[in-house]
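Descriptive analysis of the structure
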Amino acid sequence: MIHYILRRFLYALPLLLGVNILTFMLFFVLNSPDDMARMQLGQKHVTEQAVDNWKHQRGYDLPLLWNAKATATGKITRTIFYRKSVGLFWFDFGISDSGRNIGSDIRQRMWPSLAVALPTLILGLLANICAALLMVLFRNSYLEVGGVVLCVILMSISSLFYIIGGQFLIGKELRLVPISGYDTGLDAIKFIVLPVAIGVLSGIGSGARWYRTLFLEEVEKDYVRTARAKGLTEVQVLFRHVLKNAMIPILTGVVVVLPLLFMGSLIMESFFSIPGLGSYTIDAIGSQDFAIVRAMVFLGSVLYIAGLLLTDISYTLVDPRVRLS
Amino acid sequence: MSSNLSANRFVRRPVLSLLLMIAFVLSACDTTQLNNPYDPATSGLSILYSSFSERPKHLDPAIAYSANEYTFIGQIYEPPLQYHYLKRPYQLMPLTATALPKVSYLDAQDKPLPTNSEDYKIAFTEYLLEIKPGIRYQPHPALAKNAAGEFLYHHLTSAQLAGVGVLGDFDKTGSRELTADDYVYQIKRLASPEVQSPIAELMKHYIVGFEDFYRQAASLSLEQIKAAPMTGVTLLDRYRYKITIKGKYPQFIFWLAMPFFAPMPWEADVFYHQPGLKEHNITLDWYPIGTGPYTLQENNPNLRMVMVKNPNFHFEAYPSEGEPDDAGQGLLSDAGKPLPFIDKVVFTLEKETIPYWNKFLQGYYDASGIASDSFDQAIQFSGADEVGLTASMQEKGIRLQKAVTTSVFYVGFNMLDATVGRGEKARKLRQAIAIALDYEEFISIFMNGRGIPAQGVLPPGIFGFIEGKPGINPYVYDWRNGHPERKAISEARQLMKAAGYPGGVDPKTGQALILYFDTTSVSIDDRPRMNWFRKQFAKLGIKLVIRGTDYNRFQQKMRAGNAQIFMWGWNADYPDPENFFFLLYGPNAKVAFGGENAGNYQNPRFDRLFRQMRGMTNSDRRLEIIQQLQQIVRHDAPWVFGLYPEDFLLFHSWYKNLTPNLMANNRLKYARIDNQERMQKRRQWNRPVLWPLAFGFLLLLILIMPAVIAYRRRSRFTVQRLQKQDGAESVRIRK
């Protein structure tokens, strides 16, 4: 197992380098350092001298990838790419172009994202599984048909509608929770109740239908018939046997998103004024802050790779037949 | 039996847990206001609740230059001068200075000149400023000293840095008296390439020795910058300093009311430049240090910014004079009382307008602008186009405040362009377009009536703006029935003919004249606006091609002079006509000189009159020249004068002393909150409605019950069938 993890880790390095180069190229194809400087310096009284100063102070006056004027290793090290991107491999995110420490911002903003995303995932998973199992329990009845129709309706509605509708009904009309906002510690609970509830509700349609398909596949298998023949109730059959055996595809979907929970949700965080990482990248793209963009793309890639690795490891835990080598 | 029990347990436990959880959460909350986003313990305090949608980029007064940054630093830093809160037109008055600066003129040999000297004789102007003694800085760790008088945190050790995450983690704070040296130091900071002040390039043209200092400062450390002299900025004694500028530039005095010229204690720079602080975002750009009425207690631009009263704030009284209507509006009720009135100001990050608006209606924000999607809910127009609040707003006691901003939005022509820029025919074409662009319609459709069509360069509130018939643009409007009325489109068509494009046809091609409109408005929301422009040009037979582009490319086109027609705007830095007319001054042309004259307009007569007007103080003669400038621009039409936007602000009845002052950045100190009224109304408006919860729970039970019954029936049916099968088999065996 350790060899496998180590090998995957080594595979990840060129992958991350590739992601880094690609992000770098894409960003600088669209924006020149001059554009970045002008965006940061504002609209009034911006002169060429001010633009040059800005670039010099932040190291954007160097060549992008290859410094022909430098000597020896300087040809590579005295470039914007080397100066800005190499530190990422040891998670030194550096300073944003607007002057803030990116690592500090990420550490501060990931917790609110997690505070919303984690309960949404757990409760959503429970709700989806329960709804799917109930549909399977009452399969071939009007309850299953009703359930599927309801799921299709739920998944057809835009998430924006759930958010605005939830804020209007629960926050404005019933006045049960604050419409938006966030606070630290336990005070955060009253703010995350509504986004979590909306997150669960908006995901239940597609989630329950997907799990229902998995369970229906399992429920016809021989071991299930055997379990019924043993005299187990249908509830026991579904929760003890079917659920356990349908865990692999469930895990594939869930474990891979676990690390990405830190990255947050753009729309949800924006509407509920949750200071998470969801809007961090978008804001950075808007303000052409390359330092933040590259840091967030890198972090996203690392977390995604970590998620895939975790998924592989989790297979071995739920299915003894799977061996990593 | 056992299966029934487990099924019951399965149903009961989560329900019980849910009920217990709800009970726990409710017991921990103030159940009279479950939707209160703030700590209920603070309900009784005098706190102003506001918001910000975009985090401020800079809080260093040498760098900050946008309105959302001034919202914060305007309350913290104190330049020597400020604008009178109530008097109009805007008047400068001393803030930390004892009086307005003493201005004197010198000739090229540094010899004093009389105040009425002719402009060409004036080589230098001196501004002598005297600061009030006894003003103290807010408590700050940079100023903390030990018993021996040594700074506690100027040589931070790893032990002192351990556990420091925010500025408030430093145990000790200190303060000291404000001195004239702090103002001198700040001007030197403006010239430091390390600081990157946006006005550095501009000040090189004005302050004597600024450019030399700028060059010198590139190789100096901050401590050396403090010691190095700048020729034009002289420290006279503890409370007096002098600024010398080149020639005569009366508008310089307005800069002295902007945060760029606020004081900066050198200790702050020394403190913040120590290693280990920037990693936690503890920088001067994020933790201001000032003498103003408020200090920044919490700085989390990702969530909330909190300002509290500065315990060291010097005495300043609420103004006792204002405009004639002010007393009737209750704006002089607090005359003579010490400022500020509010203990704490909480700015919460609120990115979306819908939640912000709803929280305002619930009383959790004290004031709000009006987004277009809430406009009809808030505003109604009476028959005579009078703007008023809807009944639901009036019922809540909400009030409306309107103010025409000191800004202008215009459609500009690139005067270097062969079709729209050069020659008499091009001028007629521009005149025709100016008539065709129906800005009354634009304001009505796209701005909900929040704006007034512009008649010239200057918006209301700026010296030189004239209302009524003498103030209209005679090339676009006629004065009829006491109102300006846009000229008929037939007159524009006549002008098109005179311009060589009869019916909008370009004689070179025999097709409709094609013009190009460059814009950054490329989103779907902007499409109706762009279609409107197409429609307006089509009235003249012109085919308008919209060239949507991103901000960077647009700027590039403007710098290179590749745009033909564009939309632009300007918001006044200070209330002087020079700050608008300079946008058309030849030596400010964008392509040739990289200045703010985006249309590259050149007119020697305009430039001469502008130079003359720029050096004058407000007088009848100056007003006359301003009108001449307006007439030149109206005739030449390098712009289609678009509109002056109008701000609509809604505020609750408990928010006192609110009056539009578009120049003052330090308005919060005048505001007062009637907290009792706010508490009572919030309680009244926010009683939770709980019955739908019970109803929902009941509905859920009703929905679940058939499922449970069906399941139990099916289980029973299966058991009975099995029992029957068992019975039949045993009979068969017995047989």
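Note that the coordinates shown come from a computational prediction; the quantities given were computed from them, not determined experimentally. (Residues numbered from 1 in each chain as written. Chains lettered and ligands numbered in written order. Predicted model: local features only at pLDDT ≥ 70, side-chain atom pairs only at ≥ 80, totals over all residues. Heavy atoms only, no water.)

Turning our eyes to something else, we now look at the overall build of chain B. A count of helical and extended segments in chain B gives 23 helices and 27 strands. Here the C-alpha coordinates of chain B stretch approximately 135 × 85 × 55 Å along the principal axes. Looking at chain B as a whole, 53% of its 735 residues qualify as buried. Sequence separation of at least 24 residues holds for 70% of the intrachain contacts in chain B that already meet a minimum separation of 6. Accessible surface for chain B amounts to roughly 33,100 Å². Of this, 55% is attributable to carbon and sulfur atoms. Here chain B carries 84 positive and 72 negative side-chain charges, and the mean point of each set is 9 Å from the other. (Helix = DSSP H or I, 4+ residues; strand = E, 2+ residues; numbered from the N terminus. Buried < 20%, exposed > 50% of the residue type's maximum accessible area, 1.4 Å probe, protein only. Contact = heavy atoms within 4.5 Å. Areas by Shrake-Rupley, 256 points an atom, 1.4 Å probe, with all protein chains shown as cover. Lys, Arg positive; Asp, Glu negative; His and termini not counted. Charge placed at Lys NZ, Arg CZ, Asp CG, Glu CD.)

In this section: the domain arrangement of chain B. All names here are of chain B. Annotation of chain B at the domain level lists domain 1 (2-34 + 689-734), domain 2 (72-271) and domain 3 (407-647). The C-alpha-based centres of domain 2 and domain 3 are spaced at 38 Å. Taken together, the contact between domain 2 and domain 3 spans ten residues of the former and eleven residues of the latter. Where domain 2 abuts domain 3, roughly 910 Å² becomes buried across the two surfaces, and 59% of that area is made up of carbon and sulfur atoms. At the junction of domain 2 with domain 3, the criterion picks out zero salt bridges. Inspection of the region where domain 2 meets domain 3 yields four residue pairs in polar contact (both at pLDDT 80 or more). Residue composition of the side of domain 2 that touches domain 3, by class: seven nonpolar, one polar and two charged. (Domains from an automatic or database assignment. Buried area = accessible area lost by both parts, 1.4 Å probe. Salt bridge = Lys/Arg side-chain N within 4 Å of Asp/Glu carboxyl O. Polar contact = N/O pair within 3.5 Å; in protein donor to acceptor, adjacent residues only side chain to side chain. Nonpolar A, V, L, I, M, F, W, Y, C, P; charged D, E, K, R; others polar.)

Going through the model one piece at a time under the given rule, you end up with 56 aromatic pairs over all chains. Between B:Tyr85 and B:Tyr670 the ring centres are 4.0 Å apart and the planes differ by 10°, which places this aromatic pair in the stacked class. Of the two residues, B:Tyr85 sits in the loop between β2 (81-83) and β3 (92-94) while B:Tyr670 sits in the loop between β26 (655-656) and β27 (672-673), which places them 585 residues apart along the sequence. Side by side, B:Tyr85 and B:Tyr670 carry an identical accessibility label, which is buried. Every member of this aromatic cluster is reached through a ring pair, and the members are A:Phe24, A:Phe27, A:Phe28, A:Trp54, A:Tyr60, A:Phe81 and A:Phe290. (Phe/Tyr/Trp six-rings, centres within 6.5 Å; stacked < 30°, edge-to-face > 60°.)

With that settled, consider the pattern of salt bridges. Evaluation of the coordinates by the stated rule reveals 47 salt bridges over all chains. Among the salt bridges present, the one from A:Glu218 reaches A:Lys221, with a minimum N-O distance of 3.1 Å. Among the ionic pairs, B:Glu350 bridges to B:Lys359, the shortest N-O distance being 3.0 Å. For the residue pair B:Glu350 and B:Lys359, the accessibility class agrees, reading buried in each case. Salt bridges sharing common partners tie together B:Asp478, B:Arg480, B:Glu485, B:Lys487 and B:Glu491.

Before going further, it helps to examine the interface of chain A and chain B. On the side of chain B, 65 residues touch chain A, which itself brings 61 residues to the contact. Both faces combined, the contact of chain A with chain B buries some 5,500 Å², and carbon together with sulfur accounts for 49% of it. Looking at the side of chain A facing chain B, the largest losses of area belong to A:Lys44, A:His45 and A:Arg175, adding up to 15% of the total buried there. Connecting chain A to chain B are four salt bridges. Linking A:Asp105 and B:Arg55 is a salt bridge whose minimum nitrogen-to-oxygen distance equals 3.4 Å. Put simply, chain A and chain B have 23 residue pairs in polar contact (both at pLDDT 80 or more) between them. No other element matches helix α3 (residues 48-58) of chain A, which puts six residues into the side of chain A that touches chain B. Residues belonging to the side of chain A that touches chain B are distributed by class as follows: 24 nonpolar, 22 polar and 15 charged.

Attention now goes to the sheet that holds strand β8 (residues 240-246) of chain B. The strands that make up a sheet are held in pairs by hydrogen bonds between backbone atoms, and each pair lies either parallel or antiparallel. Residue and element names in this part refer to chain B. A sheet is described by the order of its strands in space; here five strands give the open sequence β5-β4-β6-β8-β7, paired in antiparallel fashion. Across the chains shown, the open sheet's two edge strands, defined by having one partner strand only, are β5 (112-113) and β7 (233-235). Of the pairings in the sheet, the one linking strand β4 (residues 102-106) to β5 comprises two bridges and is antiparallel in character. When the bridges of β5 are listed, Tyr105 appears paired with Leu113. Where helix α4 (residues 180-190) meets the sheet, it contacts β7 and β8, and its direction lies at approximately 30° from that of β8. (Pairing = 2+ DSSP bridges. Axes fitted to C-alpha atoms, helices over the stretch in contact; angles between N-to-C directions.)

This brings us to the confidence of the model for chain A. Within chain A, residue pLDDT values average 87, and 100% of them lie at 70 or more. Model confidence for chain A, summarised as mean pLDDT per element, is weakest for helix α12 (residues 247-255) of chain A at 81 and strongest for helix α9 (residues 189-219) of chain A at 93. (pLDDT = per-residue confidence, 0-100.)

Quick look at the sheet that holds strand β11 (residues 344-349) of chain B now. All names here are of chain B. One open sheet accounts for four strands, arranged β1-β11-β10-β9; its pairing is mixed. At either margin of the open sheet sits one strand with a lone partner, and together these are β1 (47-52) and β9 (294-300). Going across the sheet, the axis of each strand differs from the next one's by a mean of 20°, ignoring polarity. Packing against the sheet, helix α2 (residues 67-76) makes contact with β1, β9, β10 (304-309) and β11, and its axis sits at approximately 20° to β10.

So, about the packing of helix α8 (residues 159-173) of chain A against α9(A). Residue and element names in this part refer to chain A. Two numbers describe how α8 lies on α9: the axes approach to 10 Å, and their chain directions differ by 135°. In terms of their interaxial angle, α8 and α9 are classed as oblique. Once α8 is placed against α9, the crossing between them reads as right-handed. Between α8 and α9, the residues in contact are Tyr162, Ile163, Gly166, Gln167 and Ile170 and Leu194, Ile198, Leu201 and Ser202, respectively. A class-by-class count of the residues in the contact of α8 with α9 yields six nonpolar, three polar and no charged. (Parallel < 35°, antiparallel > 145°, perpendicular 65-115°, else oblique. Left-handed = near helix turned anticlockwise from the far one by under 90°.)

For the rest of this paragraph, the subject is the packing of helix α10 (residues 222-229) of chain A against helix α11 (residues 234-245) of chain A. Residue and element names in this part refer to chain A. Relative orientation of the contacting elements α10 and α11 amounts to 150°, with a least axis distance of 10 Å. In terms of axis orientation, α10 runs roughly antiparallel to α11. Where α10 crosses over α11, the handedness of that crossing is right-handed. Contacts from Tyr223, Val224, Ala227 and Arg228 of α10 reach α11 at Glu234, Val237, His241, Val242 and Asn245. The class makeup of the residues in the contact of α10 with α11 is five nonpolar, two polar and two charged.

Next up on the list: the environment of B:Ile466. In this fold, B:Ile466 is placed in the loop between β17 (451-453) and β18 (477-480). Spatially, the C-alpha atom of B:Ile466 lies 9.7 Å from that of B:Gly456, the residues being ten residues apart in sequence.

Residue and element names in this part refer to chain B. Where strand β16 (residues 407-413) meets strand β24 (residues 565-571), seven bridges bridge the pair, whose relative direction is antiparallel. Along β24, the bridge assignment pairs Gly412 with Phe566. Note that strand β22 (residues 514-519) and β24 share two bridges and pair parallel. Across the sheet, Phe517 pairs through a bridge with Ile565, a residue of β24.

Our focus in this paragraph is helix α6 (residues 210-217) of chain B. In an α-helix, one full turn covers 3.6 residues, which means residues spaced three or four apart are oriented alike. Listed as buried for α6(B) are B:Phe210, B:Phe213, B:Tyr214 and B:Ala217. Down the axis of α6(B), the buried side of the element spans an arc of 105°, and every buried residue falls inside it. Looking at the buried residues of α6(B), the elements they touch are α3 of chain A together with α4, α5 (200-204) and α7 (222-227) of chain B. (Arc of directions from axis to C-beta.)

This part is about unusual backbone geometry. All names here are of chain B. The omega angle of the peptide bond from Arg88 to Pro89 is -5°, so this bond is cis rather than trans. Cis geometry is adopted by the peptide bond preceding Pro340, which originates at Leu339 and carries an omega value of -5°. When you line up the elements, Pro340 lands in the loop between β10 and β11. You will see that Asn481, though not glycine, has its phi angle at about 50°, which is positive. Take Asn481: it is sitting in the loop between β18 and β19 (483-486).

Within the largest apolar cluster, 170 residues are counted, with the highest numbers of intra-cluster contacts made by B:Ile207, B:Ile243, B:Phe252, B:Trp255, B:Phe261, B:Ile433 and B:Phe533. There are two domains that each give this core at least three residues, and those are domain 2 (72-271) and domain 3 (407-647) of chain B. If you look at the next biggest cluster of nonpolar residues, it comprises 36 residues, including A:Met36, A:Val51, A:Ile80 and A:Phe298. (Core = buried A, V, L, I, M, F, W, Y, C linked by side-chain atoms within 4.5 Å.)

Here we take up the domain arrangement of chain A. All names here are of chain A. Assigned domains of chain A: these are domain 1 (2-90) and domain 2 (110-324). The C-alpha-based centres of domain 1 and domain 2 are spaced at 36 Å. Facing 22 residues of domain 1, the contacting portion of domain 2 comprises 19 residues. The partner of Asp312 in a salt bridge is Arg8, with the nearest N and O atoms 2.4 Å apart. Taken together, domain 1 and domain 2 are joined by three residue pairs in polar contact (both at pLDDT 80 or more). Only α1 (2-30), α2 (33-41) and α5 (80-85) provide two or more residues apiece to the side of domain 1 that touches domain 2. By residue number, the principal contributor to the side of domain 1 that touches domain 2 is α1, which donates twelve residues. Class assignment for the residues of the side of domain 1 that touches domain 2 results in 14 nonpolar, five polar and three charged.

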